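Chain residues, written in single-letter form:
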Amino acid sequence: MPDRKPLIAGNWKMHLSVAEAVELVRRIAAETEDVQGVEVLVAPPFTTLYAVREALGDSRIRLGAQNMHWEMSGAYTGEISGKMLQEAGCTYVILGHSERRAIFNETSEMVDLKARAAVSLGLIPIICVGETLEEREAGRTFDVVQAQLEGSLNNFKEEKFIPPTTVMAYEPVWAIGTGKTATPSQAQEVHQFIRGWLERTFGTGVSAGLRILYGGSVKPENIAELMAEPDIDGALVGGASLNADSFVRIICYEKL
Ligand code: PEP
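Computed from a predicted model, the values in this text were never measured in an experiment.

Participant: Help me out: how do you make sense of the pattern of salt bridges in this one?
Facilitator: Any two side chains of opposite charge can pair, given that their charged atoms come close. Here the structure, examined in full by the defined rule, presents 13 salt bridges. Between Arg62 and Glu39 there is a salt bridge whose closest N-O contact spans 3.4 Å. You can see Arg62 sitting in strand S3 (residues 62-65) and its partner Glu39 sitting in strand S2 (residues 39-43), a full 23 residues away along the chain. Given the relative accessible area of 38%, Arg62 is considered partly exposed.

Structure representation (structure tokens):
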């Protein structure tokens, strides 16, 4: 059995003031201090990164960002580089979230550039893919996910190498923030498909070690059944990560 440490990641999106973010992360850190065997990550808004890092102190909770630009610096008004994220204490960065793809016209080619830049700095990318409801209903889920994988991981594919720490996230767009979760078997089917693609592209040893997170209305009530699926290695959590009680319960899913 490959050793894939479960990862529970909270995506705070464009929520929380500095004071609220600090208060939330302090509670999460205090209440999960004794949790073993699960890696925990929070991805706060850019403006709260420094304060959250400070509040984390020597906690094992990791800090991530929700996006970055692929250049290291330059005339890119409004953008943040991977280098800046590292300076703020980030070790992870979420790339290609469906909200970025849909609202900000981010393409897989841009995600690919970002992933390459992140890895060149030693930042771990969490690369998101997922189909819309319309695409699922038209029976196009696998085609859409495959096209996103091919485009977003193009550089890794050409180099025939993907860093083993890279994290994939399957987030069906119809399940994000809607309260509609994919059933464990619907999620597993796509996770298995993603792992199959990774295996054909990078080899069995590599694909067996990469973590694939599920995201889409994860809550304390459904995390355990999702985590019971063989190819689900963790969760990317939006709404439920903004509340200390629910996020802590998700992290402690083995005890639920
Ligand atoms: C997300 O934003 O990545 C997400 C999965 O959101 P939610 O958990 O709220 O559906």
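Participant: Help me out: how do you make sense of the site of the ligand in this one?
Facilitator: Looking at the ligand, there are 14 residues lining it, with Lys13, Glu171, Gly177, Ser217 and Gly238 nearest. At 2.7 Å from an oxygen atom of the ligand is found a side-chain nitrogen or oxygen belonging to Glu171. Gly177 places a polar main-chain atom, nitrogen or oxygen, 2.6 Å from an oxygen atom of the ligand. Considered on its own, the ligand offers 290 Å² of accessible surface; in the complex 96% of this is hidden by protein. Classifying every residue of the shell around the ligand gives 4 nonpolar, 8 polar and 2 charged.

Participant: I keep staring at the pairing of strand S4 (residues 92-95) and nothing clicks. Help me out?
Facilitator: On S4, burial covers both faces: Tyr92 and Ile94 on one face and Val93 and Leu95 on the other are all buried. Relative to S4, S3 runs parallel, the two sharing 2 bridges. Among the inter-strand pairings, Ala65 is bridged to a residue of S4, identified as Val93. Where S4 and strand S5 (residues 124-129) come together, 4 bridges link them in parallel fashion. Across the sheet, the residue bridging to Leu95 is Ile127, located in S5.

Participant: I keep staring at helix H1 (residues 18-31) and nothing clicks. Help me out?
Facilitator: Note: α-helices contain 3.6 residues per turn, so residues at a spacing of three or four share the same orientation. Across its 14 residues, H1 extends 20 Å between first and last C-alpha, which sits within 8% of the 20 Å expected from 1.5 Å per residue. Taken together, the buried positions of H1 are occupied by Ala21, Val22, Leu24, Val25, Ile28 and Ala29. With its buried residues spanning 165 degrees around the axis, H1 presents them on a single face. Exposed residues lying more than 90 degrees from the buried face of H1 are Ala19, Glu23, Arg26 and Ala30. Contacts from the buried residues of H1 go to S2, helix H2 (49-56) and helix H12 (244-251).

Calculation rules
Residues numbered from 1 in each chain as written. Predicted model: local features only at pLDDT ≥ 70, side-chain atom pairs only at ≥ 80, totals over all residues. Heavy atoms only, no water. Salt bridge = Lys/Arg side-chain N within 4 Å of Asp/Glu carboxyl O. Helix = DSSP H or I, 4+ residues; strand = E, 2+ residues; numbered from the N terminus. Buried < 20%, exposed > 50% of the residue type's maximum accessible area, 1.4 Å probe, protein only. Near = heavy atom within 4 Å. Polar contact = N/O pair within 3.5 Å; in protein donor to acceptor, adjacent residues only side chain to side chain. Areas by Shrake-Rupley, 256 points an atom, 1.4 Å probe, with all protein chains shown as cover. Nonpolar A, V, L, I, M, F, W, Y, C, P; charged D, E, K, R; others polar. Pairing = 2+ DSSP bridges. Expected span 1.5 Å × (residues − 1). Arc of directions from axis to C-beta. Contact = heavy atoms within 4.5 Å.

So, to be careful, I would describe these as geometric facts and stop short of saying anything about function.
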